Protein chains: 2
Amino acid sequence: MDLVAGIDIGGTKTKIGLVDCDGKSHEQLFFRTRDFDNLDHFLDRIVAGIEELKAKFGSDVNLIGCGIGAPNASSRKGTIENAANLKWKGSVPILAKLKQRIDVPMRIMNDASAAALGEMLFGNAKGMSDFIAITLGTGFGAGIVANGKLIEGYDGFAGELGHVDMTLGDGRLTGLNVRGGLEAYVSATGLKRTILYMLCKYLDESRFRGIAYNDLHGEDITKAAEEGDPIALKAFDYTADILGLAMANFTAFSQPEAFFLMGGLVNSGKWIMDPMKTYFENYLLEVYKGKVKILVSGMEGKTAAIAGAAALIWEGRQ
Amino acid sequence: MDLVAGIDIGGTKTKIGLVDCDGKSHEQLFFRTRDFDNLDHFLDRIVAGIEELKAKFGSDVNLIGCGIGAPNASSRKGTIENAANLKWKGSVPILAKLKQRIDVPMRIMNDASAAALGEMLFGNAKGMSDFIAITLGTGFGAGIVANGKLIEGYDGFAGELGHVDMTLGDGRLTGLNVRGGLEAYVSATGLKRTILYMLCKYLDESRFRGIAYNDLHGEDITKAAEEGDPIALKAFDYTADILGLAMANFTAFSQPEAFFLMGGLVNSGKWIMDPMKTYFENYLLEVYKGKVKILVSGMEGKTAAIAGAAALIWEGRQ
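Residues numbered from 1 in each chain as written. Chains lettered and ligands numbered in written order. Predicted model: local features only at pLDDT ≥ 70, side-chain atom pairs only at ≥ 80, totals over all residues. Heavy atoms only, no water.

- Chain A goes by ROK family protein in an unreviewed UniProt entry, where it is assigned to Cerina litoralis.
- Under Sequence similarities (unreviewed entry), UniProt gives the following word-for-word description of chain A: "Belongs to the ROK (NagC/XylR) family." (UniProt positions renumbered as here; feature names shortened; annotations may be inferred.)

Written out as C-alpha cells, the structure is:
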C-alpha cells in the first residue's frame, strides 16, 4: 500500500503517522521533541519511528515520501530557521539531513500551511481555490491558498500572520519582538495577557484578582466566563473583536471564499467564535460582506497535524 | 499586426491605447469619464475611440481583445461595483455590455492589479513569481502576484489593501468608511490629512498654519519640506513610517521577492521612499530582513495604465 510518513514537529511533541491517499493515518507514535538537544539524534529517532510504524503496519508498505510540518520552516530551502520554541538554533537544514537517512521524496512547510493543504486534500476545503486556514493555539498560525495553490513566498516563509502589526507599532510585543503583533492578542497566551489588561483597565471584581499570571490557564478563563466573571467576559469579547478585525484585513488581501479555524481556542466557540463572526462581518468592506464563510476544520479527529504534513507529498498524486 | 485595446477607466479620465505584445502603445486617446452620466453613451464612446485608433494606425490591425483596468472592478464577475469616484452606482455589468458592441475576448480587473500584471509582462517584474505592486495616488491600490499568478480572490476583489485597518479600529476613516484604513494615511489625501494632524499635535511655526485644507496641494508639501518646514517634514516622516509598517505586514502575508511602487507619491522619493526603506527593514520579521527588494516600476513613461490593462489579454499569449 502506498503510504506517506507525515511528521509533525511541535515545540513539545513530535508525531509521526503513516498516511494513505485519503488522509487516514494508519499507525502513529509520538515522542518528546525536547528530549533531543542533538539534531542528529532527533533525526535518528524519526527514522527509527518510521521503521517501527512500517513493521506494525505489516509487510506491504510502499513509503512514497516524507512530509514535515514544523514551526518556522522554509519550504523553499528545506530548513527550520530560528524557531522560538525549538532547541536547535540558527538555520537547520533538516530536509537535507533526513534525506541522507531515507532516500524518498521530501517536503517541509510551516505547520499552519501544512494544515491548510491537509484541509484542501482531505478536509472541508476540498474543491476550494481560495481560502485561509488559521491555527489558534499557543501561537497564531496561518496557511493561505490562492488560485488553488498554497502561497509559499519568495523563500518559503509566507503566512506569518501572527506577526502582522495591528496597532501602528504601538502595542504588545510578540515572542518574535513584533510590536502590536496579532499573536500577542489572539492566541492562548494573548488571552491570558488580555486578562491582565482588563484587570488593569477596569475595577470589576473578578476571580482573576486572586490568581497570578503564571498560574493562569485557558480553561479557567472559559470556566470564569461561564460563571459570568466580568473580566473573563471582557477578555473574550476583546479577543473576538481583534480576531474579527484581523480576518477582515486578511480578506482585503486575498478575498478567500472561507476561513477554516482550528486549534485550542476554537473550542471556546461560544465565547470567541460566535462574537467574532459579528465583528468580522461588521468590519468587512462592503464589497466582501455576506460572501466569506467561516468554517470549522474537517480534520479534527483525523490526526490533523500528521495528515497535513503528509498532504505535502500527496498533493498532485491522488 | 495583433493589437490589444488597453482601456484605463479612471475617476477623471478614460484612456485607450492599442498595445502590442511588448507593451508598447502605438496610438492612444483619452476623454473625460465624468462627461458620461449614461453608461451606454460611455461604452459607445469607447467603441468609437477604438475605431478611431484603428483608423489612425492603418489597415492591418487585428484586434485580439480588450483589457480594462478600473476601480472596484470584479475580475470574476466582469463588473464595476460601487466605485467611490465613478458616477454609475451599484453593480455595473460593463464587460457584458461592451461585449454586445465588440465581440472579442475581454477581461476587466481593478487598476492596481492590472498594473501588477503589466509590470510582470512588460516591466521590471519579468520572471518574478512573487511580488506586490502598490499604486500611491489619490488612493492606495495594490496588485499581488504569488506563485506566478495574480491573486484575484473568490469573486475577484482581492488586493484592497488601502482598506486594511492598521489601528485596532481606532483611526481615521477611509472613503469606504474603514476606520484606521491605510489609504487614510498613505495616499495624496492621507498626506494632506497628516498635515492637519501635525498642526494639531505640535506648535511649530509652519506655512500650513496659513493655508486651508481645501487649498492644500501635494506639491506645496514637497516644496515646504525642501525649505525645511517642520510640519511638512514630520508629515512625510509619519507617512513613510506607516507605509514601511504596512509593507512589512504585507510581507508576512505572501513574502514577495519585491515591491514595486508607482504613482504620484513615489516622486517624493527623498521625503517618503528613502525614509520608508529604513522603517520597512526595521519592522520586518527577522526571517524576512534583507530579502525583500523595493523597486520602481519599469512602466513609467510607457503609458503604464493602458499597458497594464492590455496585459490582461496578452497574459499567456506572448
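1. What to know about the overall build of chain A
Turning to step 1, where the next piece is worked out: Along the backbone of chain A there are eight helices and 13 strands.
Turning to step 2, where the next piece is worked out: Relative to a compact globule of 318 residues, whose C-alpha radius of gyration would be 20 Å, chain A shows 20 Å and is just as compact.
Turning to step 3, where the next piece is worked out: Its C-alpha atoms give chain A principal-axis dimensions of roughly 65 × 45 × 35 Å.
Turning to step 4, where the next piece is worked out: For chain A, with 318 residues in total, the buried portion stands at 58%.
Turning to step 5, where the next piece is worked out: Within chain A, contacts between residues at least 6 apart in sequence are counted, and of these 62% link residues at least 24 apart.
Turning to step 6, where the next piece is worked out: Approximately 12,300 Å² of chain A is accessible, and the part contributed by carbon and sulfur atoms is 49%.
Turning to step 7, where the next piece is worked out: Distance between charge centroids for chain A: 1 Å, based on 34 positive and 39 negative side chains. (Helix = DSSP H or I, 4+ residues; strand = E, 2+ residues; numbered from the N terminus. Rg over C-alpha atoms; globule rule 2.2 N^0.38 Å. Buried < 20%, exposed > 50% of the residue type's maximum accessible area, 1.4 Å probe, protein only. Contact = heavy atoms within 4.5 Å. Areas by Shrake-Rupley, 256 points an atom, 1.4 Å probe, with all protein chains shown as cover. Lys, Arg positive; Asp, Glu negative; His and termini not counted. Charge placed at Lys NZ, Arg CZ, Asp CG, Glu CD.)

2. Brief notes about the relation of the copies chain A and chain B
Turning to step 1, where the next piece is worked out: Once turned by 180° and shifted 0.0 Å along the axis, chain A lies on chain B with an RMSD of 0.0 Å. Viewed as a symmetry operation, the transformation between the two copies matches a two-fold axis.
Turning to step 2, where the next piece is worked out: The overlap is high: 100% of the interface residues of chain A also sit at the interface in chain B, so the same surface is used on both sides. (Least-squares fit on C-alpha atoms with pLDDT ≥ 70 in both.)

3. Some points on the domain arrangement of chain A
You'll often see interface size given as the accessible area lost when the parts meet.
All names here are of chain A.
Turning to step 1, where the next piece is worked out: Examined at the domain level, chain A breaks down into domain 1 (2-123 + 301-314) and domain 2 (131-296).
Turning to step 2, where the next piece is worked out: Here domain 1 and domain 2 have C-alpha centroids that lie 27 Å from each other.
Turning to step 3, where the next piece is worked out: Contacts between the two partners involve 17 residues from domain 1 and, on the opposite side, 19 residues from domain 2.
Turning to step 4, where the next piece is worked out: In this structure, the salt-bridge partner of R107 is E152, at a minimum N-O distance of 3.7 Å.
Turning to step 5, where the next piece is worked out: Inspection of the region where domain 1 meets domain 2 yields five residue pairs in polar contact (both at pLDDT 80 or more).
Turning to step 6, where the next piece is worked out: When contributions to the side of domain 1 that touches domain 2 are tallied by element, the ones reaching two or more residues are β5 (73-74), β8 (106-110) and α3 (111-122).
Turning to step 7, where the next piece is worked out: Element by element, the count of residues in the side of domain 1 that touches domain 2 is highest for α3, at six residues.
Turning to step 8, where the next piece is worked out: A per-class count over the side of domain 1 that touches domain 2 returns seven nonpolar, five polar and five charged. (Domains from an automatic or database assignment. Salt bridge = Lys/Arg side-chain N within 4 Å of Asp/Glu carboxyl O. Polar contact = N/O pair within 3.5 Å; in protein donor to acceptor, adjacent residues only side chain to side chain. Nonpolar A, V, L, I, M, F, W, Y, C, P; charged D, E, K, R; others polar.)

4. Things to note about α3 of chain A
All names here are of chain A.
Turning to step 1, where the next piece is worked out: For α3, spanning 12 residues, the distance from its first C-alpha to its last is 16 Å, which sits close to the expected 16 Å at 1.5 Å a residue.
Turning to step 2, where the next piece is worked out: Among the 12 residues that make up α3, 11 are buried, leaving the element largely enclosed by the rest of the structure.
Turning to step 3, where the next piece is worked out: Where α3 is concerned, the buried positions are A112, S113, A114, A115, A116, L117, G118, E119, M120, L121 and F122.
Turning to step 4, where the next piece is worked out: Where α3 starts, the residue carrying a side-chain oxygen 2.9 Å from the main-chain nitrogen of A112 turns out to be N110. (Expected span 1.5 Å × (residues − 1).)

5. Here's the deal with the interface of chain A and chain B
Turning to step 1, where the next piece is worked out: Counting from both sides, the interface comprises 46 residues of chain A and, opposite them, 47 residues of chain B.
Turning to step 2, where the next piece is worked out: Looking at the side of chain A facing chain B, the largest losses of area belong to Y154, L168 and F253 of chain A, adding up to 22% of the total buried there.
Turning to step 3, where the next piece is worked out: Between the two partners, chain A and chain B, sit four salt bridges.
Turning to step 4, where the next piece is worked out: Put simply, chain A and chain B have 24 residue pairs in polar contact (both at pLDDT 80 or more) between them.
Turning to step 5, where the next piece is worked out: For the side of chain A that touches chain B, the secondary structure elements donating two or more residues are β10 (140-146), β11 (149-150) and α6 (230-254) of chain A. (Buried area = accessible area lost by both parts, 1.4 Å probe.)

6. Remarks on the sheet that holds strand β7 (residues 91-92) of chain A
All names here are of chain A.
Turning to step 1, where the next piece is worked out: Strand order in the open sheet made by the three strands is β5-β6-β7, with antiparallel pairing throughout. Looking along the sheet, the strands with just one partner apiece sit at the ends: β5 and β7.
Turning to step 2, where the next piece is worked out: Of the strand pairs in this sheet, β5 and strand β6 (residues 79-81) are connected by two bridges, and their pairing is antiparallel. Paired with A73 across the strands is I80, a residue of β6. (Pairing = 2+ DSSP bridges.)

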